[in-house]
Amino acid sequence: VALAAQLSLSLAECPGTGSAQAGRAAACQGCPNQGLCAAGAAGPDPAEAAELRARLRAVRHTVLVLSGKGGVGKSTFSALLAHGLAADETKQVALLDIDICGPSIPKIMGLEGEQVHQSGSGWSPVYVEENLGVMSVGFLLSSPDDAVIWRGPKKNGLIKQFLRDVDWGEVDYLIVDTPPGTSDEHLSIVQYLSASHIDGAVIVTTPQEVSLQDVRKEINFCRKVKLPIIGVVENMSGFVCPKCKNESQIFPPTTGGAEKMCQNLNVSLLGKVPLDPQIGRSCDRGQSFLAEAPESPATLSYRNIIQRIQEYCEQHHFQEEKIM
């Protein structure tokens, strides 16, 4: 009991890796990363930061897609966000999959079996459309069934390589699909991208409390690492039977769902996406659900959410320019 209480206190009082008190606060005592944080080694060194800045200078907006729990539709949302933004042919969109152990983006984007090519300017993304490029560890595996059995440092090294060595070119939106949780990959991507900029994070959840419980941790993570939260998306929010038109709550919002949670935590609710079996079928075929079912209530919800994210990014960019 004493150990659990001590751990709970340490987690609650962690100053965050970006804080001046990182590694020096009382709550840091006994943390295995105390030395790294105190030495300022939690982020990229100056030379590394300069490299990342140079590579990402032409990226206008960066959006991270997070989820506390697996299986809430985060990768599906990332893919459809990329498709939705790329529907504007004047915009260049990039989708980076850093779910190292569960890379589903190649399948969802219809790119299974594709390989990464290298040129003098770095790795080339795999393109779905002329204005939509994708990078994932899935392109580096000999088979989609291969397991990636790596410890944290190797995962972090690949994430850094994706940011530093991929020839992203001029990009209006870089969408980063992350694994569930608040661990190595999340710390790495936030710290590496801090060398350039991040517009913010979109957090995906489902309505039931078991998912919201983990999303609260994700919101706490964002605040600790000073990552702006664009808002929360409630996925799988009700199901309307196509025959009888009755609505069922497949995942009942027993504690008020994402809407209540967002009110309590002062976070924006970007929208609710209803369940639609066609979404799963489109993902399995590697097709865009937005194009295949343009009149679906889920598509309309996605489009509203994407518009809100665009508006946030433009406003964020405008505020940054004013500060500069």
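Residues numbered from 1 in each chain as written. Predicted model: local features only at pLDDT ≥ 70, side-chain atom pairs only at ≥ 80, totals over all residues. Heavy atoms only, no water.

> Got a minute to help me understand the overall build of the chain in this structure?
Each helix and strand in the chain was counted, giving 12 helices and 12 strands. Taken over 324 residues, the chain has a buried fraction of 48%. For the chain, the proportion of contacts with a sequence separation of at least 24, taken over those separated by at least 6, is 75%. As displayed, the chain has an accessible area near 15,700 Å², and 51% of this comes from carbon and sulfur atoms. (Helix = DSSP H or I, 4+ residues; strand = E, 2+ residues; numbered from the N terminus. Buried < 20%, exposed > 50% of the residue type's maximum accessible area, 1.4 Å probe, protein only. Contact = heavy atoms within 4.5 Å. Areas by Shrake-Rupley, 256 points an atom, 1.4 Å probe, with all protein chains shown as cover.)

> Help me out: how do you make sense of the side chain of Asp 214 in this one?
By secondary structure assignment, the location of Asp 214 is in helix α8 (residues 209-224). Apart from residues lying up to four places away in sequence, Asp 214 is in contact with Gly 68 and Lys 69.

> Help me out: how do you make sense of the pattern of salt bridges in this one?
Two side chains of opposite charge can pair, provided their charged atoms sit close to one another. A complete count under the given rule lists 12 salt bridges for this structure. Between Asp 167 and Arg 55 there is a salt bridge, and its shortest N-O distance comes to 3.7 Å. Remark: Arg 55 occurs in helix α3 (residues 46-56) and Asp 167 occurs in the loop between α6 (152-165) and β7 (171-177); sequence separation between them is 112 residues. Classification of Arg 55 by relative accessible area gives partly exposed; the value is 24%. Where Glu 259 meets Lys 272, a salt bridge forms, and the shortest distance between an N and an O atom there is 3.1 Å. Of this pair, Glu 259 sits in helix α9 (residues 257-265) while Lys 272 sits in strand β12 (residues 269-272), placing them 13 residues apart in sequence. (Salt bridge = Lys/Arg side-chain N within 4 Å of Asp/Glu carboxyl O.)

> How should the sheet that holds strand β8 (residues 200-205) be read in this particular structure?
Read from one edge to the other, the open sheet built from 8 strands follows the order β5-β6-β2-β7-β1-β8-β9-β12, with strand pairing classed as mixed. Only two strands of the sheet have a single neighbouring strand rather than two, namely β5 (126-129) and β12. On average, each strand axis in the sheet is inclined to that of its neighbour by 20°, with strand direction left out of account. In the sheet, β5 pairs with strand β6 (residues 132-136) via 3 bridges, with the strands oriented antiparallel. What sits directly across from Glu 129, in β6, is Leu 132. Here α8 sits on the sheet in contact with β1 (59-66), β8 and β9 (229-234), set at roughly 170° to β8. (Pairing = 2+ DSSP bridges. Axes fitted to C-alpha atoms, helices over the stretch in contact; angles between N-to-C directions.)

> Is there a simple way to explain helix α7 (residues 184-193) in this structure?
In an α-helix there are 3.6 residues to a turn, and that puts residues three or four apart on one side. Summarising burial for α7: 8 of the 10 residues are buried, a large majority. Looking only at α7, the buried set comprises Glu 185, His 186, Ser 188, Ile 189, Val 190, Gln 191, Tyr 192 and Leu 193. Where α7 is buried, its residues touch α3, β1, α6, β7 and α8.

> Would you mind going over a negative patch on the surface with me for this structure?
Among the surface-exposed residues, Asp 88, Glu 89, Glu 129 and Glu 130 lie close enough to one another that they form a single negatively charged patch. When you line up the elements, Glu 129 lands in strand β5. (Patch = residues over 30% accessible without salt bridge, like charges linked within 9 Å, V, L, I, M, F, W, Y side chains within 5 Å. Lys, Arg positive; Asp, Glu negative; His and termini not counted. Charge placed at Lys NZ, Arg CZ, Asp CG, Glu CD.)

> Is there a simple way to explain the pairing of strand β2 (residues 93-97) in this structure?
Looking down a regular strand, the side chains alternate between one sheet face and the other. The element β2 is largely enclosed, with a buried count of 5 among its 5 residues. Where β2 and β6 come together, 5 bridges link them in parallel fashion. Across the sheet, Asp 97 pairs through a bridge with Ser 136, a residue of β6. In terms of strand pairing, β2 meets β7 through 5 bridges, oriented parallel.

> Any chance you could explain the confidence of the model for the chain here in plain terms?
Where the model shows low pLDDT, its predicted coordinates should not be examined in detail. Summing up the model confidence of the chain, the mean pLDDT is 88 and the portion of residues at 70 or higher is 85%. Confidence over residues 1-9 falls short of pLDDT 50; this stretch has 0 contacts with residues more than four positions distant or in other chains. (pLDDT = per-residue confidence, 0-100.)

> For this particular structure, what's the right way to read helix α10 (residues 277-285)?
Along α10, the positions that sit buried rather than exposed are Gln 278, Ile 279, Ser 282 and Cys 283. Relative to the axis of α10, the buried residues are bounded by an arc of 135° and lie together on one face. Among the residues of α10, the N-terminal cap falls to Asp 276, whose side-chain oxygen and the backbone nitrogen of Gln 278 are separated by 2.9 Å. Gly 286 occupies a position one or two residues after α10 and carries a positive phi of about 75°. (Arc of directions from axis to C-beta. Polar contact = N/O pair within 3.5 Å; in protein donor to acceptor, adjacent residues only side chain to side chain.)

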